[in-house]
Amino acid sequence: MTSLSAPYTVEFPFDRTVGPKVGTFLAGLREARLFGVRAPGGRVLCPAVEFDPETAEETGELVELAGEGTVVSWTWVSTREGDPLPHDFAWALVAIDGTDGSFFHAVDVGGDPGRMSTGMRVRVRWREVRVGEIGDIGCFEPVPV
Amino acid sequence: MSAEPGPPLPQPITSVKSPFRMDYTYVAGAGRSVFLRGLAERKLLARRCPGCSQVYLPPPEFCSRCLTELEAPFELDGRGTIATFCVVSFPFPGQTIEAPYVVAHIHHHGADTRLMHLIGDVAPDEVRIGMEVEPVWVGEDQLTTSMTSIRHYRPTGVAIGSESTRA
């Protein structure tokens, strides 16, 4: 006899409380503004964090950024339910101009992996409706040349 | 450091929705499927290990101690005793039953393992370890290959254990 099977969903409706730096970063997203945070040694981190991952010191002031950057690494994926784009896209690490390190997000090249390359210039594409969460950045898109 | 020129900083938000959801497919396996198909026919099917004689309810396909395939399924009458229980008093997201309610491990007569289910038709504060219970099946049109075929267990009115057996 064949085995029975059934859908089984595990779900937790968590709310995550955030600190003042991350909270300002997220509130910025709601206004379609991108902020990084100043870390010791003058580095700027984006997304903002409360404490510097290198020194564990508290981070400093928020720094507004232009929302453009360079792809430093990427991988091509088939779109799935819950993904930010309805067609295939790249998950990428984007070095945002004026920051150190990189920002992990989707890059939309219209479903064509041939348009992806390391070093390509991308910019933030804001969602129409923004609520103060990382998804307010719908994705990154190539900067027109 | 001085503030950057430009518009003032937005007021920080204090929390974000961060829901966690995983969609699985539960695969019952050959052994559990025998038990679940029995439930759709109002039958509690147990199986015995030929190696150690342990009787499983619900039964898997193989004995968890001997790794031997269990013998042919046979029906138990459904009565058993409450081995342990918990009164659930707090609401939580996704809860389908109104608190307070009782969840128990039921040790069926003739079985050596326990089965977890709801206890009903009795006030939570009257539930005791050792109390004998029997299944209350759902209506014919609601019977299915699921534990939901049993609405809950209810006391038979026969006291098997005593207060001294309470942990």
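Residues numbered from 1 in each chain as written. Chains lettered and ligands numbered in written order. Predicted model: local features only at pLDDT ≥ 70, side-chain atom pairs only at ≥ 80, totals over all residues. Heavy atoms only, no water.

This brings us to the pairing of strand S6 (residues 68–77) of chain A. Side chains on a regular strand alternate between the two faces of the sheet. Residue and element names in this part refer to chain A. Bridging between S6 and strand S9 (residues 121–126) involves three bridges; their strand directions are antiparallel. By the bridge assignment, Gly69 is partnered in S9 with Val122. One ladder, built from eight bridges, connects S6 with strand S7 (residues 89–96); its direction is antiparallel. Residue pairing for S7: Trp74 is matched across the bridge by Ala92. (Pairing = 2+ DSSP bridges. Helix = DSSP H or I, 4+ residues; strand = E, 2+ residues; numbered from the N terminus.)

Right, let's get into the interface of chain B and chain A. Each partner contributes residues to the interface: chain B has 33 residues there, and chain A has 34 residues. The largest share of the area that chain B buries against chain A comes from B:Pro10, B:Ile13 and B:Arg37, three residues that together contribute 21% of it. Here A:Glu11 makes a salt bridge to B:Arg21, at a shortest N to O gap of 3.4 Å. Listed by contribution, the elements that provide at least two residues to the side of chain B that touches chain A are strand S1 (15–17), strand S2 (20–27) and helix H1 (29–39) of chain B. If one sorts the elements of the side of chain B that touches chain A by residue count, S2(B) sits on top with eight residues. Residue composition of the side of chain B that touches chain A, by class: 19 nonpolar, nine polar and five charged. Relative to S2(B), strand S1 (residues 5–12) of chain A runs antiparallel, the two sharing eight bridges. Counted as the bridge partner of A:Glu11 is B:Arg21 from S2(B). (Contact = heavy atoms within 4.5 Å. Buried area = accessible area lost by both parts, 1.4 Å probe. Salt bridge = Lys/Arg side-chain N within 4 Å of Asp/Glu carboxyl O. Nonpolar A, V, L, I, M, F, W, Y, C, P; charged D, E, K, R; others polar.)

For the rest of this paragraph, the subject is the sheet that holds strand S5 (residues 62–65) of chain A. Pairing between sheet strands relies on hydrogen bonds along the backbone, with the strands arranged either parallel or antiparallel. Residues and elements named next belong to chain A. Across the sheet, three strands lie side by side as S4-S3-S5; this open sheet has antiparallel pairing. Each edge of the sheet is formed by a strand with only one pairing partner; in this case those strands are strand S4 (44–45) and S5. Taken together, the two bridges between strand S3 (residues 34–38) and S4 define a ladder with antiparallel strand orientation. Looking at the pairing, Val37 lines up with Leu45 of S4. Contacts from helix H1 (residues 20–30) reach S3 and S5 within the one sheet, and its direction differs from that of S3 by about 160°. (Axes fitted to C-alpha atoms, helices over the stretch in contact; angles between N-to-C directions.)

This brings us to the sheet that holds strand S5 (residues 74–76) of chain B. All names here are of chain B. Read from one edge of the open sheet, three strands run S4-S3-S5, paired in antiparallel fashion. Each edge of the open sheet carries a strand with a single partner, namely strand S4 (55–56) and S5. Inspection of the sheet shows strand S3 (residues 44–48) paired to S4 by two bridges, in the antiparallel sense. Looking at S4, one finds that Arg47 is bridged to Tyr56.

Bringing H1(A) into the picture now. Summarising burial for H1(A): nine of the 11 residues are buried, a large majority. Turning to H1(A), its buried residues are A:Lys21, A:Val22, A:Gly23, A:Thr24, A:Phe25, A:Leu26, A:Ala27, A:Gly28 and A:Leu29. (Buried < 20%, exposed > 50% of the residue type's maximum accessible area, 1.4 Å probe, protein only.)

In this structure, A:Phe25, A:Leu26, A:Leu34, A:Val71, A:Phe103, A:Val107 and A:Phe140 are the most contacted members of the largest nonpolar core, which totals 33 residues. Only H1, S3, S4, S5, S7, strand S8 (103–107), S9 and strand S10 (137–142) of chain A provide two or more residues apiece to this core. With near-sequence residues (within four places) excluded, A:Phe103 lies in contact with A:Phe25, A:Leu34, A:Cys46, A:Pro47, A:Ala92, A:Leu93, A:Val94, A:Ile96, A:Ile134, A:Ile137 and A:Phe140. The next biggest cluster of nonpolar side chains, apart from the first, holds 26 residues, and it includes B:Ala46, B:Val55, B:Val102 and B:Met131. (Core = buried A, V, L, I, M, F, W, Y, C linked by side-chain atoms within 4.5 Å.)

Once that is clear, we can look at the pattern of salt bridges. By the definition in use, this model includes 19 salt bridges over all chains. Here A:Glu64 ties to A:Arg33 by a salt bridge, and the two come within 2.8 Å at their closest N and O atoms. Residue A:Glu64 is located in strand S5, and its partner A:Arg33 is located in the loop between H1 and S3; the two are separated by 31 residues in the primary sequence. Of the residues examined, A:Arg33 reaches a relative accessible area of 10% and is grouped as buried. Note that B:Glu132 is salt-bridged to B:Arg79, the shortest N-O span being 3.2 Å. Of the two residues, B:Glu132 is situated in strand S9 (residues 131–137) and B:Arg79 in the loop between S5 and strand S6 (80–88); the sequence distance between them amounts to 53 residues.

Counted according to the given criterion, the structure contains six aromatic pairs over all chains. Centroid distance A:Phe12 to B:Phe20: 5.9 Å. Interplanar angle 40°. Geometry classified as tilted. Residue A:Phe12 is found in strand S1, and its partner B:Phe20 is found in strand S2; the two belong to separate chains. Ring centres 5.7 Å apart and planes at 70° place the aromatic pair A:Phe103 and A:Phe140 in the edge-to-face group. One end of the pair, A:Phe103, is in strand S8; the other, A:Phe140, is in strand S10, and 37 residues separate them in sequence. Grouping residues by exposure puts A:Phe103 and A:Phe140 together as buried. Grouped by ring-pair contacts, the aromatic residues A:Phe12, A:Phe14 and B:Phe20 constitute a single cluster. (Phe/Tyr/Trp six-rings, centres within 6.5 Å; stacked < 30°, edge-to-face > 60°.)

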